[in-house]
Amino acid sequence: MLRHRLGIVLPTALAPAVWGSTYLVTTELLPPDRPLLAGVLRCLPAGLLLVALTRRLPRGDWWWRALVLGALNIALFQALLFVAAYRLPGGIAATVGAVQPLVTAALSAALLGERITLRTVLSGIAGVAGVSLLVLRAGARLDAVGLAAAVGSAVVMAAGLVLAKRWVSPAPVLATTGWQLTAGGLLLVPATLVVEGAPPSHLTGTNVLGYLYLSLVGAALTYVLWFRGLRALPPNSVSFLALLSPVVATALGWLVLGQDLTPLQVLGALVVLGSLVAAQRQRPRTTAATQAGPAPKPSVHENV
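Given the structure is predicted, the values throughout are model-derived calculations rather than measurements. (Residues numbered from 1 in each chain as written. Predicted model: local features only at pLDDT ≥ 70, side-chain atom pairs only at ≥ 80, totals over all residues. Heavy atoms only, no water.)

### Re unusual backbone geometry
Next, step 1: Even without glycine at this site, Asp33 takes up a positive phi of about 60 degrees.
Next, step 2: What makes Asp33 exposed here is its relative accessible area of 58%.
Next, step 3: In this structure, Arg55 takes a positive phi of about 50 degrees despite not being glycine.
Next, step 4: Residue position: Arg55 is located in the loop between α3 (35-54) and α4 (62-87). (Buried < 20%, exposed > 50% of the residue type's maximum accessible area, 1.4 Å probe, protein only. Helix = DSSP H or I, 4+ residues; strand = E, 2+ residues; numbered from the N terminus.)

### Focus: the packing of helix α6 (residues 100-111) against helix α8 (residues 144-166)
Next, step 1: Running from N to C, α6 and α8 point in directions that differ by 40 degrees, and their axes come no closer than 9 Å. Relative to α8, the element α6 lies oblique. For α6 against α8, the interelement crossing comes out right-handed. Contacts between α6 and α8 involve Gln100, Val103, Thr104, Leu107, Ser108 and Leu111 on the former and, on the latter, Ala154, Val155, Met157, Ala158, Ala159, Leu161, Val162, Leu163 and Arg166.
Next, step 2: In the contact of α6 with α8, the residues fall into eleven nonpolar, three polar and one charged. (Axes fitted to C-alpha atoms, helices over the stretch in contact; angles between N-to-C directions. Parallel < 35°, antiparallel > 145°, perpendicular 65-115°, else oblique. Left-handed = near helix turned anticlockwise from the far one by under 90°. Contact = heavy atoms within 4.5 Å. Nonpolar A, V, L, I, M, F, W, Y, C, P; charged D, E, K, R; others polar.)

### Some remarks on the packing of helix α12 (residues 244-255) against helix α13 (residues 263-280)
Next, step 1: Their axes nearest at 10 Å, the elements α12 and α13 cross at an angle of 150 degrees. Relative to α13, the element α12 is oriented roughly antiparallel. Crossing of α12 against α13: the hand is left-handed. On the side of α12, the interface is formed by Leu244, Val247 and Thr250, while α13 contributes Gln265, Ala269, Val272, Leu273 and Leu276.
Next, step 2: Split into classes, the residues belonging to the contact of α12 with α13 amount to six nonpolar, two polar and no charged.

That's the geometry; what it means functionally is another story.
Here it is in structure tokens:
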């Protein structure tokens, strides 16, 4: 049983670990000041590739469900993260975003009937504390709009996780992942044109390499692993794995860019990893109301 769970948790954890390399790739390989363009070129080609490989389109209710999930998990999350990153120091944005496991626990209780346990709350608090030690810097400037965007990014990611768990798709995970990436990428296109204008007229070979990495590895591969894990694990367990991103980003900054790594940052990384392990050791519990009767039958559209 433990070996089977590890066989699901470890590939799922690979997704946020790879996402932790996004900052390094963006700063070293991509054109400057084009984060929304990076979001479009990361998600849209990956989504279209997965749809082409599976040759399966949404049917029935899944047309609007894929649009909602793509908006939450991809478009809104990327846009709000972009606003937070530009208006807040990275440490504050990451620390506020670390509340996402606690938001996921609250939404899971409301929509999936999972109980909020003391272990989940303590692990969530430890995760926020660990990330703050890892990335927060003294004298950081606060901004109301940036803070709202950082909180919003955590909320939409949590909502996307919980809804993706609640709406069980009859299609393979490759297909549903492709639908979400395509929908999210298309929704980002108008925002990108309004905020950043037309794409650069010239891209270097380094730029192309960076975009290929973000699309093929940072989206097509990782989101498949992420949503595959979500099908087998409770949203609370999956949401804690997202805390690996700032740990990997800090480690790459130290290893590749020669950035300083303080004892407090090492302590923060250990606290984050401890919260992850504690969260994975807990089995989901449902409320009495959920246990009282069988789950409702899926609609006709969910079976097509």
